[in-house]
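So you can see what is in the structure, the chains are spelled out below.
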Amino acid sequence: MNKIEINSYSKINLTLNILAKRQDGYHDIETIMQSINLADKIFIKEEKEGIKIKCSHPLVPIDSQSLTYRSAEKILNRYRITKGVKIEIDKKIPLASGMAGGSANSASILVGINKLFTLNLSSKDLREIGAELGMDVPFCIQNGTALAYHKGEKVTPLPLINPPLWIIIINPGFEIPTKWAYNNLDLDRIKNEKNNTKAMLKALKVRELQGIAKNLFNSFEGLIIEKYPEIEKIKDRLIEEGALGALMSGSGPTVFGIAQNKEQALKIYEKLKSEYKSIWAVQTI
């Protein structure tokens, strides 16, 4: 095997509770994350030496300081791989969108290089490497449905949602850096907000759509909507067109809505596609 192709899946946060700032500068969080089938394609090919990266999106960093490069470099160096790789990214996930696109690519590179060079690393091994690269990388290695906590790198798998949920994704077309969101979050303001984790876990267990929609929660929403009211408008439009619930994912700005079924998801998509350039009807995976 000298070439491999991987789907690099994005995620949404069904709940996201920011609990406290840590002494190391990170934050303690509690979040239920869910993979969806909006994905980049990653192609990894064995080369004689070095790390070469190409991406279909001109704004994705590909230099030696980029997460993509560092992910390949870390696993190649750790396992003393003397050969190199050529990585091509066909980008579909919006940039800086709260959907873990960069982390998903990092995870796919670790998984892909493990397969390409038959390193036989376990998922646990890969998640440990991933945690050194980014807080969402361990989740993106395993995908599915999971409860993540600590800094986000501790991941407990949850039973997969079956049958899958249908979700409408809308990206308003601007970027929100995660670092800015954390730096500007008023922890005193959000500390008394309702923690929906237990209620969401219960609703997910029995796939109770109304319960899932009712318990969507994101600590970042108040801050982000204050600065970007367009996000509230998108949420309102999704609800107006029949979504059971809507929420901003991660630190934004992407918004998602829970649909009753495939038919309704496609109906909402058709209704809103003329209003929003970046809109998708997707499924959980």
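Residues numbered from 1 in each chain as written. Predicted model: local features only at pLDDT ≥ 70, side-chain atom pairs only at ≥ 80, totals over all residues. Heavy atoms only, no water.

**Examining the pattern of salt bridges**
Side-chain pairing between opposite charges can occur once the charged atoms of the two side chains come close.
And step 1. According to the stated counting rule, one finds 18 salt bridges in the structure shown.
And step 2. Among the ionic pairs, Lys92 bridges to Asp90, the shortest N-O distance being 3.9 Å.
And step 3. Taking the relative accessible area as the measure of exposure, Lys92 reaches 46% and is therefore partly exposed.
And step 4. Residue Asp90 is classed as partly exposed on the basis of its relative accessible area, which comes to 28%.
And step 5. A salt bridge links Glu270 to Lys273, with the shortest nitrogen-to-oxygen separation between them at 2.9 Å.
And step 6. For Glu270, a relative accessible area of 46% translates into the label partly exposed.
And step 7. Judged by its relative accessible area of 41%, Lys273 falls in the partly exposed class. (Salt bridge = Lys/Arg side-chain N within 4 Å of Asp/Glu carboxyl O. Buried < 20%, exposed > 50% of the residue type's maximum accessible area, 1.4 Å probe, protein only.)

**Digging into the packing of aromatic side chains**
And step 1. Across all of its chains, the model carries two aromatic pairs by this definition.
And step 2. Here the aromatic rings of Phe174 and Tyr228 are separated by 4.7 Å at their centres, their planes lie at 20°, and the arrangement is stacked. Highlighted residues: Phe174 in the loop between strand 7 (166–171) and helix 5 (178–184) and Tyr228 in the loop between helix 9 (221–227) and helix 10 (230–240), separated in sequence by 54 residues.
And step 3. Look at Tyr228 and you get partly exposed, because its relative accessible area is 22%. (Phe/Tyr/Trp six-rings, centres within 6.5 Å; stacked < 30°, edge-to-face > 60°. Helix = DSSP H or I, 4+ residues; strand = E, 2+ residues; numbered from the N terminus.)

**Side note on the packing of helix 2 (residues 101–116) against helix 3 (residues 123–131)**
Two quantities define a packed helix pair, namely the angle between the axes and the distance from one axis to the other.
And step 1. Relative orientation of the contacting elements helix 2 and helix 3 amounts to 135°, with a least axis distance of 10 Å. The orientation of helix 2 with respect to helix 3, classified from their angle, is oblique. Classified by chirality, the crossing of helix 3 by helix 2 is right-handed. Residues Leu110, Val111 and Asn114 of helix 2 touch helix 3, and the partners they reach there are Leu126, Ile129 and Gly130. (Axes fitted to C-alpha atoms, helices over the stretch in contact; angles between N-to-C directions. Parallel < 35°, antiparallel > 145°, perpendicular 65-115°, else oblique. Left-handed = near helix turned anticlockwise from the far one by under 90°. Contact = heavy atoms within 4.5 Å.)

**What about the sheet that holds strand 11 (residues 278–283)?**
And step 1. Ordered in space as 9-10-7-11, the four strands form an open sheet in which the pairing is antiparallel. Each of the sheet's edge strands pairs with one partner strand only, and the pair in question is strand 9 (245–248) and strand 11. In this sheet, neighbouring strand axes are inclined to one another by 20° on average, regardless of whether the strands run parallel or antiparallel. (Pairing = 2+ DSSP bridges.)

**Some points on the packing of helix 1 (residues 67–78) against helix 2**
And step 1. Interaxial distance between helix 1 and helix 2 falls to 9 Å at its minimum, and their mutual angle equals 30°. Comparing their axes, helix 2 and helix 1 come out roughly parallel. Note on packing geometry: the crossing formed by helix 1 with helix 2 is right-handed. Each of Leu67, Thr68, Ser71, Ala72, Ile75 and Leu76 in helix 1 lies in contact with helix 2, whose residues at this interface are Gly102, Ser103, Ser106, Ile109, Leu110, Ile113 and Asn114.
And step 2. Classifying every residue of the contact of helix 1 with helix 2 by side-chain character gives seven nonpolar, six polar and no charged. (Nonpolar A, V, L, I, M, F, W, Y, C, P; charged D, E, K, R; others polar.)

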